[in-house]
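Structural features, examined
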Amino acid sequence: MNKHSFPFLTVAVAALASVAVGDTNVDRVKAVVQIDSGGSGVIVRVGKKKAFGISCGHVAGRIGKTVGFRNHDGSRGVLLWEARDEKNELSIFSTSPKSVRGVVPIVAGAVS
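Since the structure is predicted, the reported quantities are computational estimates derived from the model, not experimental observations.

What follows covers the pairing of strand β3 (residues 51-56). The sheet contact formed by strand β2 (residues 40-46) and β3 spans 5 bridges and is antiparallel. Its bridge partner being in β3, Val-46 is matched across the sheet by Ala-51. Hairpin remark: β2 followed by β3, antiparallel, with 4 residues in the connecting loop.

Of all 7 residues in β2, 5 are buried, a share of seventy percent or more. Judged from the 3 bridges that link them, strand β1 (residues 32-35) and β2 form a sheet pairing that is antiparallel. Paired with Gln-34 across the bridge in β2 is Ser-40.

The subject of this paragraph is the side chain of Ser-99. As for its placement among the helices and strands, Ser-99 is situated in the segment after β6 (90-95). Once you skip the residues sitting within four places of it in the chain, Ser-99 turns out to touch Phe-69, Asn-71 and Gly-77.

How each quantity is defined
Residues numbered from 1 in each chain as written. Predicted model: local features only at pLDDT ≥ 70, side-chain atom pairs only at ≥ 80, totals over all residues. Heavy atoms only, no water. Pairing = 2+ DSSP bridges. Helix = DSSP H or I, 4+ residues; strand = E, 2+ residues; numbered from the N terminus. Buried < 20%, exposed > 50% of the residue type's maximum accessible area, 1.4 Å probe, protein only. Contact = heavy atoms within 4.5 Å.

Structure follows, in structure tokens:
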């Protein structure tokens, strides 16, 4: 994979997430992060202490492991793998809210 490209699947998830909340003004590119170990993710929630993102399950490292990531503007951050669901091929990571540049919010109840 080209280290400067973002996989279609992740951008598609970001697009679907914005549709799920009815927000067509979301800048999906800013919510996508490129993970140093390979793959990408989408920031879906930004809180005061943590920001959370989702990625494919096969992208996730060991739960509790940290890895660097790059934003669309070249700025960098570090994420922590929080959970992985192998059956549904999804993973969740967290990072500092100051490390992210965008979010595609998913509200409670939008995803079962």
